[in-house]
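For reference, the chains in residue letters:
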Amino acid sequence: MSTRKVATIALCVLALGACKLKTAGEQESSSCPAKVESPGAVEQILPPPGSKPAAGDWLIRRLNAEPGTLNPITATDNYSQMIDAMIMDTLLDMDLATQELIPLLAEKWEVSEDKLTFTFHLHKNVKWHDGKPFTADDVIYSLQRIMDPKVDAAPLRIYYIDCVETKKVDAYTVRFTWRQPYFKALEALAALPIVPKHIMDDGTDFNKHPYGRNPIGTGPYRFVTWETGKRIELVRNKDYFGKPGYFERIIFKFITDNNGALQVFNQGEVDFLERLSQTQWIKQTNYPEFFKRANKIYYDYPQYSYIGWNMRRPPFDDQRVRTAMTMLLNREAILKNIYYCLGKVVSGPYYVNTPYYDQSIKPLPYDPDKAKALLAQAGWADHNQDGILDKDGKDFKFEFLISSGSETAEKIATIYKEDLQSAGIHMEIRKLEWAVFLQNVQEWSFDACTLAWALDANPDEYQIWHSSMADVKGSSNHVGYKNPEVDRLIEEARQEFDKQKRIELNHRIHRLIADDQPYTFLFCPKELAAVDKRITNVVPYAIRPIFKFAEWYVPKDLQKYSGDRLQRP
Amino acid sequence: MRSYILRRLLLMLPTMLGITLVTFTIIQLAPGSPAELKIRADQTGALGEQYTKEVIEQTKKLYGLDKPIHIRYLIWLKQVATLNFGESYKDHRPVMKIILERIPVSLQLSLTSIFLIYLLAVPIGVYSAVKQKSVSDRIITVGLFILYSLPNFWVAMMLILFVGGGQFFHWFPVYGLNSEGADQLPFIAWLGDRLWHLALPVACLTYAGLAFISRQQRAAMLEVIRQDYIRTARAKGLPEKLVVFKHAMRNSLIPIVTLAAALFPAILGGSVIIESIFSIPGMGKLGFDAILARDYPVIMGDATISAFLTLIGILAADLTYTLIDPRISFEART
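Just so it is clear, the model here is predicted, and its values are computed rather than measured. (Residues numbered from 1 in each chain as written. Chains lettered and ligands numbered in written order. Predicted model: local features only at pLDDT ≥ 70, side-chain atom pairs only at ≥ 80, totals over all residues.)

Q: I'm lost on the interface of chain A and chain B in this one. Help?
A: In many analyses, interface size is given as the accessible surface area lost on bringing the parts together. Listed by partner, the interface residues are 55 residues for chain A and 55 residues for chain B. Among the secondary structure elements, those contributing two or more residues to the side of chain A that touches chain B are helix 1 (2-25), helix 4 (154-160), helix 7 (258-266), helix 14 (434-442) and strand 20 (448-454) of chain A. With seven residues, the top contributor of residues to the side of chain A that touches chain B is helix 1 of chain A. Its residues assigned to classes, the side of chain A that touches chain B shows 23 nonpolar, 19 polar and 13 charged. (Contact = placed C-beta atoms within 7 Å. Helix = DSSP H or I, 4+ residues; strand = E, 2+ residues; numbered from the N terminus. Nonpolar A, V, L, I, M, F, W, Y, C, P; charged D, E, K, R; others polar.)

Below is the structure:
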């Protein structure tokens, strides 16, 4: 029975993809305007003049799926992170506007001269939601659990593996010692998830602790209920030590289907809907009644997509071939036809809205003639006159791996296949289910694949580009990129605590990688969202989680819910 | 009768053993590893890959995946013997508990739709058989074939778009099984609210089965109506109503009852699409998500319970024969 379910779903995806391909296939070579032109859409929603922030009302958000657990240490999905961010605090916070660390549970912190020791001085009057005081013991206990092999916290453990010593200096001071200087150590410690020791340390198995479905934090919102399969509700923490948000309640509804979610939004039962599809954005939210009840907002998302070339195998072991492959892909046209211009073509592995991205490096142009010349230089020409390039008697054929369920990847692949065909290259598209796709990529059994990386405010390129990762199966350097100069720069940047110097180092890495073209860099997409009209002061920031929900509010006269009840039906 | 049921129940044991063995082997041998999937869920900014390997090994050990596959199967069997299906890798809750949460949801959908299918299909089938080749029979035939050929995800989408608010009619809710705060409603109002929420998903689950079963009913009825005893019944002057409903219809029901057994598990499994589209937390979606995440304990729990329900369904259908046709009996014939 199990296999049949999979087959049915795969077929649906196929069918949907197929109907939409026709329009996307027609390419026009004109590029996108510099500014996004989308009727009714705005970059931010500012309060009308004279409007005053007012506490009250609810914010109802949509989650694509139900989180597994709300225990921040064993949770692995984004959904639990979104919710836990409201209930719990970390030692330090990242200011989304300045991209600098600011105090939260720790009121100040010190980094030692040798950059190995980090001392945090905790706020003294922070209380857990059950009234017990928050102390250094909670911090130390949390890190201990993360490092405990019996705790299902593998993804988190990797971040703290270099922390060799944790010391409680006094009840409100903790000190961590790192094995080697690393500029992201402070960020990792700042983001350490903290759980209450007095509740968790009761002898039950940490993974199964009921806390996961009934969490207690120190944060601006308290957990109220979790209705399985339906919703999670939070209420404002009146005793919060910092500045809480304006909303009285925040509700997360689990709505799996995107079309269903838009309809629920239309019915007024969701206030904020993220990740609208391009089609929904352009076609299904463009009528006057929609604008009457909602604002449409768009923003850059810290992510880039790419096509990775397996550099361990010919023909992609040759830089000229990879460059030619990039020049054969009309990224501007794809951006226009598939993404409706909602995004940017990128030239390297950095987020365009951070200073680490070198704006002077432009993406390679779409240039089939130059690509053909490069391929000829590399020895690829149609010697046997069969319409397909060959070299040493071998045809230029390769397999392009995409993961099923990614509609855009499939459209891009189809356009690319046609373009390559006319250049004499035969590309086979192979679509695999995510788990299988991942396994193929990790075991290097692919010629080319397409994926995306999410990006941090401060990048560390070690994992993806350092040559020591190139020969480790399952590593993120799945294309097998090796460049001694890049290695040296990455190592230097990892130990560089001065941001400006790190920016310069990363600009040099950017240029080297852009020259080598281990990836064909694709797009930094724009995310699209709809917000209920009554909510204001919605301003997107450059880095995740994009919004400061504590800034949002509903002016008093527009409030829809009060306390437990709907105010106006 | 009792010994027959007992024999059938005992026969289920080896069948179940075979089903679980095959399922277990297939899912464990399928590419993709739960430990890797979990760790790759979020990997930006992680430190070194040499550590990643170590951590993956730790996770495998935690999930008991470090042992060889036949040992794992035996461990699993031993657990299941005490009705313990292990715990989900996703949230470490007992699989049994997760499934018990979901079964009532799926059953509400499937039972309501099976009930509706039979309630409507049998009379439609009988009617078009009796009025064979009339204009109304032809209209019904064409209509049913159209229904049968519409894919249900498409119908679900159309229903959501056109009667679920937005630009068109706001007649039905498109999310979940209850309105906000329905728990506080009096029972009748609660039931109304629930039915209102069930309307669209049940419609999607019903129409194709309705078309199929009513065609089967029509065929079975036509078969019976040609029999000599029907002619005899008419010849001796019985009223047509009695001929059709007592003599013909009862005899035509046997193949339809057999189909019910096949329909039941199909509706449980087939609802993955409908459950996803309408955000209903049922069995189909549970199994599907578990497969994508390689959550072995949940997949096995789901498969075992579905297999068990299917076998029970088949048994129930066999037993129903005796109710419809007194000639069929499972008493010992030694």
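Q: Even after reading the chapter, I still don't get the sheet that holds strand 5 (residues 106-111) of chain A, so can you show me in this structure?
A: Within a sheet, neighbouring strands are paired by backbone hydrogen bonds and run either parallel or antiparallel to one another. Residue and element names in this part refer to chain A. Strand order in this open sheet of four strands is 5-6-8-7, and the pairing throughout is antiparallel. In the strand order of this sheet, the two ends are held by strand 5 and strand 7 (163-170), each with one partner. In this sheet, adjacent strand axes meet at a mean angle of 20° when their direction is disregarded. Here six bridges tie strand 7 to strand 8 (residues 173-178), and the two strands are oriented antiparallel to one another. Its bridge partner lying in strand 8, Cys-163 is registered against Trp-178. The sheet contacts of helix 3 (residues 136-147) involve strand 6 (117-122), strand 7 and strand 8, and relative to strand 7 the element is tilted by about 165°. (Pairing = 2+ DSSP bridges. Axes fitted to C-alpha atoms, helices over the stretch in contact; angles between N-to-C directions.)

Q: Would you take a moment to explain helix 2 (residues 78-87) of chain A for this structure?
A: Along an α-helix, residues three or four apart share an orientation, since each turn contains 3.6 residues. All names here are of chain A. Taken together, the buried positions of helix 2 are Ser-80, Ile-83, Asp-84, Met-86 and Ile-87. Down the axis of helix 2, the buried set is contained in an arc of 150°. They therefore lie on one face. Buried residues along helix 2 sit against strand 9 (221-227), strand 10 (231-236) and strand 11 (249-254). (Buried ≥ 20, exposed ≤ 12 C-beta atoms within 10 Å, placed from the backbone. Arc of directions from axis to C-beta.)

Q: What's the story with the nonpolar core in this structure? I'm lost.
A: Taken as a class, soluble globular proteins show a tendency for nonpolar side chains to be buried jointly. Formed by 192 residues in total, the largest nonpolar core has its most connected members in Leu91(A), Leu189(A) and Leu273(A). When neighbours within four sequence positions are excluded, Leu273(A) is seen to be in contact with Arg62(A), Ala261(A), Leu262(A), Phe265(A), Ala529(A) and Ala530(A). Of all hydrophobic cores here, the second largest spans 25 residues; its members include Ala121(B), Ile140(B), Ile225(B) and Ile256(B). (Core = buried A, V, L, I, M, F, W, Y, C linked by C-beta atoms within 7 Å.)

Q: Looking at this structure, how should I read the packing of helix 1 (residues 2-29) of chain B against helix 12 (residues 296-324) of chain B?
A: The description of two helices packed together rests on the angle between their axes and the distance between the axes. Residues and elements named next belong to chain B. The geometry of helix 1 relative to helix 12 is characterised by a closest axis approach of 10 Å and an angle of 150° between their N-to-C directions. By the angle class used here, helix 1 and helix 12 are roughly antiparallel. At the point where helix 1 passes helix 12, the crossing takes the right-handed sense. Along its contact with helix 1, which presents Arg-8, Met-12, Thr-15, Met-16, Ile-19, Thr-20, Thr-23, Phe-24, Ile-27 and Gln-28, the element helix 12 presents Tyr-296, Ile-299, Met-300, Ala-303, Thr-304, Ala-307, Phe-308, Leu-311 and Leu-315. (Parallel < 35°, antiparallel > 145°, perpendicular 65-115°, else oblique. Left-handed = near helix turned anticlockwise from the far one by under 90°.)

Q: What is the right way to look at the sheet that holds strand 21 (residues 519-521) of chain A in this model?
A: All names here are of chain A. The strand order across the open sheet built from five strands is 19-18-20-14-21, with neighbouring strands paired in mixed fashion. Unpaired on one side and paired on the other, strand 19 (426-432) and strand 21 mark the two borders of the sheet. This sheet shows a mean twist of 30° between the axes of neighbouring strands, independent of strand direction. Each of strand 18 (397-403), strand 19 and strand 20 is contacted by helix 14, which is oriented at about 135° to strand 18, the strand it contacts most.

Q: Please explain the confidence of the model for chain A as it appears in this structure.
A: Low-confidence regions, as indicated by low pLDDT, have predicted coordinates that should not be scrutinised in detail. Across chain A, the average pLDDT comes to 88, with 93% of residues at or above 70. The low-confidence segment residues 1-29 of chain A, where pLDDT is below 50, has 38 contacts with residues more than four positions distant or belonging to other chains. (pLDDT = per-residue confidence, 0-100.)

Q: What is the right way to look at the confidence of the model for chain B in this model?
A: All names here are of chain B. Looking at chain B as a whole, the pLDDT averages 84, with 92% of positions reaching at least 70. Note on residues 42-49: pLDDT is under 50 here. Beyond four places in sequence and across chains, it has 22 contacts. On the interface metric, ipTM, the complex scores 0.83, and its pTM is 0.86.

Q: Help me understand the domain arrangement of chain A, please; the structure alone is not making it clear to me.
A: All names here are of chain A. Along its sequence, chain A is organised into domain 1 (41-66 + 219-300 + 526-567), domain 2 (89-197) and domain 3 (303-525). Looking at the side of domain 1 that touches domain 3, the elements with two or more residues in it are helix 8 (278-284), strand 13 (294-300) and strand 22 (523-532). Sorting elements by how many residues they give to the side of domain 1 that touches domain 3 places strand 22 first, with three residues. Of the residues that constitute the side of domain 1 that touches domain 3, the class distribution is five nonpolar, one polar and three charged. (Domains from an automatic or database assignment.)

Q: Just to check I follow, could you spell out unusual backbone geometry for this structure?
A: Glycine aside, residues mostly have negative phi, and peptide bonds are mostly found in the trans state. The omega torsion of the bond from Pro314(A) to Pro315(A) falls at 0°, within 30 degrees of zero and hence cis. Backbone torsion omega between Arg544(A) and Pro545(A) reads 0°, so that peptide bond is classified as cis. With respect to the element layout, Pro545(A) can be found in the loop between strand 22 and strand 23 (561-562). Even without being a glycine, Cys341(A) presents a positive backbone phi close to 65°. Examined against the element boundaries, Cys341(A) turns out to sit in the loop between helix 11 (331-337) and strand 15 (343-345). Exposure remark for Cys341(A): the 20 C-beta atoms within 10 Å place this residue in the buried category. Although it is not a glycine, Leu83(B) sits at a positive phi angle of roughly 60°. For Leu83(B), a count of 7 C-beta atoms within 10 Å puts it in the exposed group.

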